[in-house]
Amino acid sequence: SAQFDFTIETKESASDLDNLILSAQALEVSLSDSQTSSSTGEKIIGDPAKGTVSIINGTSLPKSLPAGTVLTSTSGLKFTLDSTVQVASASGTADPNSYQPGTATTQVTASQIGSDSNLTAGNQFRVGTFPILDVVAKNESALSGGTSRQVKAVSTSDLTNLRSQLIPSLKSKGLDKLKENVSSDKFLLEDTLTTHPDPEEFNHKAGDQADEVTLKLSLKAQGLALSTQEFNQLVERQISTQIPPNYSLSNISDLKLILDKPQGTRIPSFVSLTAHLSPILAPEEIVKNISGRHISVAKSYLGKLTGVQESQINYSLPLPEALIFLPRPPNHIQVSIQ
């Protein structure tokens, strides 16, 4: 195994292999997508009851009641005045039978939806915070039009689930698109992938009545790429200093490239790998040294060669091994190295 440190330079500049610095190319792509899901929430919608009430003022002062003044029924249902109402003061003489309270007729709307506010005629209402003995309201005709029903609505979890599904999907597509944009002589450093989403666009907000909700999202994906040739040269330079004499590099496996936290325009990096080495053997030299030799001498020679773990001599003569000598003509001997 082998390992070494090097530096990735993100600012546009030339690589410096002698100082273990590789220059990276910055890549950027833009993409967008949308996703729709069914709404899982519920809400109650409907219409409030409406109607006419009479405001009765039993005090000696006129009353000005602004729009929105709350009227409360004896059962606790609330209604509001649709517009400002002026109610005259009570009038009369010393004759008790001449007493007349001030009255005014106005429109009211229930503060809540539903049929519970459809009150029959003859109900009494407290007006604002006035005592009922001073000011009171009555409906001489029924209040009607209140309805309610349950419908599908967008829930907070619907929005959260769409985000959790669409954002990773876009990031994955961004990575794939960056890979497509990398030229054939470079490779993408996937660990450098960053995404910058634009403001999300939902067609409904939480609580809206809707059977479905859609999220549209756009983002920019950025990453860095290294030159394959320069990276391989850097690796081979570092491995070459660790290869023992009479061996050559056969292949590399288990290569891992780890990036550290960026420091300004540079990213400290680390490489670990397994280098597979092969002994440097010359078949012509081997043939020269074993031709005409007794098979036991040839085997001893082969076993002492650098890096040889096992050797085998195959021959066609039907003789005991003790009587076998290898041919003297070199072209009668074939050497296979595996």
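As the structure is a computational prediction, the values presented were derived from the model and not from experiment. (Residues numbered from 1 in each chain as written. Predicted model: local features only at pLDDT ≥ 70, side-chain atom pairs only at ≥ 80, totals over all residues. Heavy atoms only, no water.)

Is there a simple way to explain the overall build of the chain in this structure?
Along its length, the chain carries four helices and 17 strands. Relative to the 2.2 N^0.38 estimate, which gives 20 Å for 338 residues, the radius of gyration of the chain is 46 Å and therefore markedly larger than a compact globule would have. Seen through its C-alpha atoms, the chain measures out along the principal axes to roughly 155 × 50 × 30 Å. A total of 338 residues make up the chain; the buried ones form 31% of that total. Of the contacts made within the chain by residues no fewer than 6 positions apart, 71% connect residues no fewer than 24 positions apart. A total of about 20,300 Å² of accessible surface is found on the chain, and carbon and sulfur atoms cover 49% of it. For the chain, the distance from the average position of its 27 positive side-chain charges to the average position of its 34 negative side-chain charges is 2 Å. (Helix = DSSP H or I, 4+ residues; strand = E, 2+ residues; numbered from the N terminus. Rg over C-alpha atoms; globule rule 2.2 N^0.38 Å. Buried < 20%, exposed > 50% of the residue type's maximum accessible area, 1.4 Å probe, protein only. Contact = heavy atoms within 4.5 Å. Areas by Shrake-Rupley, 256 points an atom, 1.4 Å probe, with all protein chains shown as cover. Lys, Arg positive; Asp, Glu negative; His and termini not counted. Charge placed at Lys NZ, Arg CZ, Asp CG, Glu CD.)

Looking at this structure, I do not really get the pairing of strand S16 (residues 247-259). What am I missing?
The pairing of S16 with strand S17 (residues 266-279) spans ten bridges and is classified as antiparallel. Residue Leu 257 lies in a different strand from S17, and its bridge partner there is Val 271. (Pairing = 2+ DSSP bridges.)

What's the story with the layout of surface pockets in this structure? I'm lost.
In this approach, a probe sized like a water molecule rolls over the atoms, and the result shows the empty space that is left. In this structure, the largest pocket encloses a volume near 1,000 Å³. In terms of lining, the largest pocket is formed by 31 residues, of which the most central are Leu 302, Ser 311, Gln 312, Val 335 and Ser 336. Among the secondary structure elements, those contributing two or more residues to the lining of the largest pocket are S17, helix H3 (283-290) and helix H4 (295-303). The dominant element in the lining of the largest pocket, judged by the number of residues it contributes, is S17, at three residues. Of the residues assigned to the lining of the largest pocket, the class counts are 19 nonpolar, eleven polar and one charged. Reported here for the second largest pocket is a volume of approximately 180 Å³. What lines the second largest pocket is Ala 26, Leu 27, Asp 191, Thr 192, Thr 194, Gln 222, Gly 223, Leu 224, Leu 259, Asp 260, Pro 262 and Ile 267. Across the lining of the second largest pocket, the residue classes break down as six nonpolar, four polar and two charged. (1 Å grid on protein atoms, 1.4 Å probe; cavity = no way out; pocket = protein on both sides within 12 Å on 5 of 7 lines; lining within 4 Å. Points joined across faces, edges and corners; volume = space filled by probe spheres on them. Nonpolar A, V, L, I, M, F, W, Y, C, P; charged D, E, K, R; others polar.)

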